[in-house]
Amino acid sequence: MKNSLFKYCLRLGDNSLILGHRLAEYCSNGPYLEEDISITNTSLDLIGQAEAILKYAAKVEGEGRTEDDLAYKRPEIEFYNVQLTEQPNGNFARITARQFFMDAFNFYLYSALKESTDNTISAIAAKSLKEVTYHLRRSSEWVIRLGDGTNESKIKMQEAINDFWRYTSEMFEMDEVDEELIAKGIAVDLKPIQDLWNKKVDEILAMATLIRPEDAYMATGSRKGYHTEYLGYILAEMQYLPRAYPTAKW
Amino acid sequence: MIPTNKKYNHIWKLFEEIPDPEIPVLSILDLGIVREIASEDDTIVITITPTYSGCPAMNLFEDDIIAKLKENNIENVRVKMTYDPPWTTDWINDKARKRLEDYGIAPPIKGSQDKGELFKEGVKNVRCPQCKSKNTKVISQFGSTACKALYKCEDCLEPFDYFKCI
């Protein structure tokens, strides 16, 4: 039970941490000032959510580690974020597609986790949901604006949706960790969340006059700590300082 | 909505003197960030909650609280963080709302739900803190800090921050 809860918290926290890190990389590269600020604000929300849940993960583990140890001193194979979150930024349409897929997932996930029997998880979910609601609205609006925009923006938005599609089914994978925690009412069944996610994606893509890609090869592995090549580079940058100077303090 | 506990009235009062670093006209008491004051043995335990998960001021608040109490000869202090219940703009009191507007930030409209709908033009009837016109529109859902949205007044043409509702 302890191990499952620890792992479950890492999944939630790592999704937010890695996506937050990716968005932070885009700081000063936004299409215009207001949007640049939105991207970094979203990044800040996500990293804050990661801090809260990783702090709880460290407490559940009970080995004296802190949230910073978990963020900065874990190797790649012990990260459980879905591969979508680690995909490189590229152009603004790609950031938008990746964000929209994750925001929609987080929105329904946190809506359900609000009712978790674990008080810490339900509190963090209720808090995060308020923020994710804004995130989802913003990314949905951008998918529509770019999809139903100029010829060029439409092509770029459709390409981004197509490119990231293979990473979308991983969010809904469940294993023995989920089974154990669902039975106790701590975690939630991802099947109904997948249905809600599909409905939202169909709705927004239709408004954006974009085509929903067909499922073909779908990426998998993050539940076991397998990642695309990109995560290693993120960790190399993120973890360099705390590893090189372990006693460094703010 | 500020929880009160008469026993610690003297401490609650001190929090009026700790300003928010980004919005100095508001104290941490006005914002409703301090949730509880209690004691454990001879230690005063202050419970605070973040406005936004990633609010970068939380560590500063902790330091400020400890320093403020120390100034007043209260040495044994611990600050702890809670996420439950989640912070809401409805906890900002009326006097603070007035001060916000005078400072140039449109205060959050109580109990409003500016969320979840596509292309809704943000909250309607946000009053321009400069000319008081309600003919305003949202420019961006994210302003200079996570807790604010950027608006523009269509009458006096000045941009302004709106403290958005969560």
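Definitions and cut-offs
- One numbering rule holds for all chains: residues counted from 1, following each sequence as written.
- Chains carry letters from A onward and ligands carry numbers from 1 onward, assigned in written order.
- Only residues with pLDDT of at least 70 are given local features in this predicted model, and only at 80 or more are side-chain atom pairs given and counted; all residues enter the totals for whole chains, interfaces and linings.
- Helix numbers and strand numbers start at the N terminus; a helix is a DSSP run of H or I with at least 4 residues, a strand a run of E with at least 2.
- To estimate how far a helix should extend, the number of its residues minus one is multiplied by 1.5 Å.
- Exposed residues have 12 or fewer other C-beta atoms within 10 Å of their own C-beta, buried residues have 20 or more, and residues in between are partly exposed; the C-beta atoms are placed from the backbone.
- Strand pairing requires that DSSP identify at least two bridges connecting the strands.
- By definition, residues are in contact whenever their C-beta atoms, placed on the basis of the backbone, come within 7 Å of each other.
- Only Asp, Glu, Lys and Arg are considered charged in this grouping, and only Ala, Val, Leu, Ile, Met, Phe, Trp, Tyr, Cys and Pro are considered nonpolar; every other residue, Gly among them, is considered polar.
- How far each domain reaches was decided by an automatic or database domain assignment.
- Axis angles are defined between N-to-C directions and span 0 to 180 degrees, where every axis is a line fitted to C-alpha atoms and, for a helix, only to the segment in contact.
- Nonpolar core, as used here: buried Ala, Val, Leu, Ile, Met, Phe, Trp, Tyr and Cys residues forming one set through C-beta atoms within 7 Å.

Trainee: Can you walk me through helix H5 (residues 92–113) of chain A in this structure?
Mentor: An α-helical turn contains 3.6 residues, so any two residues separated by three or four positions project in the same direction. Look at H5 of chain A: 30 Å from first C-alpha to last across 22 residues, which is about the 32 Å you get at 1.5 Å a residue. Here H5 of chain A lies mainly inside the structure; 19 of its 22 residues are buried.

Trainee: Sorry if this is basic, but what is going on with the sheet that holds strand S5 (residues 136–140) of chain B here?
Mentor: Two orientations exist for strands paired in a sheet by backbone hydrogen bonds: parallel and antiparallel. Residues and elements named next belong to chain B. Read from one edge to the other, the open sheet built from four strands follows the order S4-S7-S6-S5, with strand pairing classed as mixed. Two strands bound the open sheet, and with one partner strand each, they are strand S4 (105–106) and S5. The pairing of S5 with strand S6 (residues 148–153) spans four bridges and is classified as antiparallel. Residue pairing in the sheet places threonine 136 in a bridge with cysteine 153 of S6.

Trainee: Got a minute to help me understand the interface of chain B and chain A in this structure?
Mentor: By convention, interface size is frequently given as the accessible area that disappears when the constituent parts associate. At the junction of the two partners, chain B supplies 18 residues and chain A supplies 23 residues. Class assignment of the residues belonging to the side of chain B that touches chain A gives a composition of 11 nonpolar, five polar and two charged.

Trainee: What's the story with the domain arrangement of chain B in this structure? I'm lost.
Mentor: Parsing chain B into structural domains produces domain 1 (6–87) and domain 2 (103–163). When its residues are assigned to classes, the side of domain 1 of chain B that touches domain 2 of chain B shows four nonpolar, two polar and one charged.

Trainee: Would you explain the sheet that holds strand S1 (residues 34–40) of chain B in this entry?
Mentor: Residues and elements named next belong to chain B. Ordered by their spatial adjacency, three strands build an open sheet running S1-S2-S3, and the pairing between neighbours is mixed. A single partner strand is all that each edge strand has here, and the edge strands are S1 and strand S3 (77–81). Averaged over all neighbouring strand pairs, the angle between strand axes comes to 25°, with direction disregarded. In this fold helix H3 (residues 58–71) packs onto strand S2 (43–48) and S3, with an angle of close to 155° to the strand it touches most, S3.

Trainee: Please clarify how the nonpolar core should be interpreted in this entry.
Mentor: Note on soluble globular proteins: their nonpolar side chains tend to be buried together. Core analysis: the largest hydrophobic core is formed by 105 residues, its most contacted members being Cys9, Ile53, Ala57 and Ala104 of chain A. A domain split of this core shows at least three residues from each of domain 1 (6–87) and domain 2 (103–163) of chain B. Not counting the four nearest positions on each side in its chain, isoleucine 53 of chain A is found in contact with Cys9, Leu12, Gly13 and Ile124 of chain A.

Trainee: Looking at this structure, how should I read unusual backbone geometry?
Mentor: The phi torsion of most residues other than glycine is negative, and most of the peptide bonds are trans. Cis geometry is adopted by the peptide bond preceding proline 85 of chain B, which originates at aspartate 84 of chain B and carries an omega value of 0°. Of note, proline 85 of chain B is situated in the loop between S3 and helix H4 (94–103). Positioned with a positive phi, serine 28 of chain A is a non-glycine residue whose angle comes to about 80°. Inspection of the secondary structure assignment puts serine 28 of chain A in the loop between helix H1 (2–25) and helix H2 (33–61). Backbone geometry places lysine 132 of chain B, a non-glycine residue, at a positive phi of 70°. The topology assignment puts lysine 132 of chain B in the loop between S4 and S5.

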